[in-house]
Amino acid sequence: MGLESGCCPEPSSPGRHLIYGRVFKGIHDQDGNHYSAGQVREVPWGAIPPVVTAIRVLERIAPDGLLFDGAVHAIPRGRISTGRVVGFEAMRNRIEDFIAWASSLAVDLDRPHEVIPDDPFGALGVARFRRSLAWHIARRPGGLVALAIQYGHMRTAMSAGYAARGRGGIHELLDIETARATADTLTTLHDDLATGSGISGPAARRAIHAAAQAPTFAGSIRTHRQARDLLGNPALAVYDNPHSFLMCVYNRDRALCQRLDITDAPSLDRCQPSCANIARTDRHADELAHHAQTLEQQAAAEAVPGPLADRLTRRADHLRGLADRHNNDRIHSQEPTA
Ligand code: SF4
């Protein structure tokens, strides 16, 4: 909310845009008094293109000073913030206005399937918007690459490890959504194994042990304490990584993705194929084969240049090899464990 016009300059050479914001907490002048103007963050945020576009729009609305200046964003039906930045009520109204505008545009363009349906729980509101953000950060690692980078960055910036204390707001939501995502992964794994799915990979037996505890947690994560109990149990640290077609049964001592990282969570967007924390189920093998087939079809298309087709084919062969290895090595949960 404290971002100012000019916070996201055009990069001097081709590259990613960066956003420069201010920090206010814990900033003191040389006499030890809190410095209310804050100071520019040492580490800027990376910005994906839609964010840059949004900032450019805001800069046209509020060309000087704060992008979310309460006076500039005055909306007839929303109270103007008594502070300098726009208030929650006006923000909620803005979100609702955006939904109405997007839906009417969809109708005008004859795209009724893109109308945003009425929400059975009422207005979206800022609190639920924040919860959605936490949900995405917890569940989309390795999805769209730009988002994975952004979310990974935000998770690192916000969490500083699950052992951090005295957190609130988005941090607790992030823990709860991460714990729910882990519980969902364990439940899916438990159900897959119970219905005869095989599992392979160096972490397969640890995954089987973790899945056996899934019924204890299914649908039970409601409070921050419950979330921390689950996240604090290293035997249950199982993360789905659909982008890499695998499951990460996290053990920090064996992790190859974050040797220099201080956080106690895997960097799923930097997953290494030779890591000892990898497990795959039949579901992952099916997805590998399906993706390989898609790549082969792309490679066979007439318009695809030769070098690109070769690359697609090599990638498809690699994925098929992983699926074949799973089919050769897979074990079942009923087999005696070592
Ligand atoms: S490299 Fe290992 S620890 Fe890191 S995400 Fe991949 S499987 Fe997990």
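The following paragraphs examine the structure supplied in this document. (Residues numbered from 1 in each chain as written. Predicted model: local features only at pLDDT ≥ 70, side-chain atom pairs only at ≥ 80, totals over all residues. Heavy atoms only, no water.)

**Thoughts on helix 2 (residues 88-108)**
In this model, helix 2 (21 residues) spans 30 Å end to end at C-alpha, consistent with the 30 Å of a helix rising 1.5 Å per residue. Restricting attention to buried positions, one finds in helix 2 the residues Ala90, Asn93, Ile95, Ala102, Ser103 and Ala106. The inward-facing, buried residues of helix 2 contact helix 3 (125-139). Once helix 2 ends, the next one or two residues include Asp110, with phi positive near 60°. (Helix = DSSP H or I, 4+ residues; strand = E, 2+ residues; numbered from the N terminus. Expected span 1.5 Å × (residues − 1). Buried < 20%, exposed > 50% of the residue type's maximum accessible area, 1.4 Å probe, protein only. Contact = heavy atoms within 4.5 Å.)

**Here's the deal with the pairing of strand 8 (residues 278-281)**
In strand 8, alternate side chains face the same way, and those of Ile278 and Arg280 on one face and Ala279 and Thr281 on the other are all buried. Bridge count for strand 5 (residues 199-200) against strand 8 is two bridges, and the pairing is antiparallel. What sits directly across from Ser200, in strand 8, is Arg280. Pairing geometry for strand 7 (residues 246-249) and strand 8, over two bridges, is antiparallel. (Pairing = 2+ DSSP bridges.)

**Some thoughts on the pairing of strand 7**
The alternating pattern of strand 7 places Leu246 and Cys248 and Met247 and Val249 on opposite faces, both of which are buried. Sheet topology note: the strand 6 (residues 238-241)/strand 7 ladder contains four bridges and is antiparallel. Pairing of Tyr239 across the sheet is with Cys248, part of strand 7. Between the end of strand 6 and the start of strand 7, which pair antiparallel, lie four residues, with Phe245 showing a positive phi angle near 55°.

**Looking at helix 6 (residues 204-211)**
Within the span of helix 6, buried status applies to Ala204, Ala207, Ile208, Ala210 and Ala211. Burial along helix 6 is one-sided: seen end-on, the buried residues are contained in an arc of 165°. (Arc of directions from axis to C-beta.)

**A word on the packing of helix 9 (residues 282-300) against helix 10 (residues 306-329)**
One can describe the packing of helix 9 onto helix 10 by two numbers: an axis separation of 8 Å at closest approach and a directional angle of 160°. The angle between the axes of helix 9 and helix 10 places the two elements in the roughly antiparallel class. You can see that helix 9 and helix 10 cross each other, and the crossing is left-handed. Residues Asp282, Ala285, Leu288, Ala289, His291, Ala292, Gln293, Leu295, Glu296, Gln298 and Ala299 of helix 9 lie in contact with helix 10, whose contacting residues are Ala309, Leu312, Thr313, Arg315, Ala316, Leu319, Arg320, Leu322, Ala323, His326 and Asn327. Of the residues assigned to the contact of helix 9 with helix 10, the class counts are twelve nonpolar, six polar and four charged. (Axes fitted to C-alpha atoms, helices over the stretch in contact; angles between N-to-C directions. Parallel < 35°, antiparallel > 145°, perpendicular 65-115°, else oblique. Left-handed = near helix turned anticlockwise from the far one by under 90°. Nonpolar A, V, L, I, M, F, W, Y, C, P; charged D, E, K, R; others polar.)

**What about the pattern of salt bridges?**
Summed over the entire model, instances satisfying the criterion amount to nine salt bridges. Linking Glu10 and Arg56 is a salt bridge whose minimum nitrogen-to-oxygen distance equals 3.0 Å. Highlighted residues: Glu10 in the segment before strand 1 (17-19) and Arg56 in helix 1 (residues 49-61), separated in sequence by 46 residues. Note that Glu296 is salt-bridged to Arg320, the shortest N-O span being 2.9 Å. Remark: Arg320 occurs in helix 10 and Glu296 occurs in helix 9; sequence separation between them is 24 residues. Judged by its relative accessible area of 30%, Arg320 falls in the partly exposed class. (Salt bridge = Lys/Arg side-chain N within 4 Å of Asp/Glu carboxyl O.)

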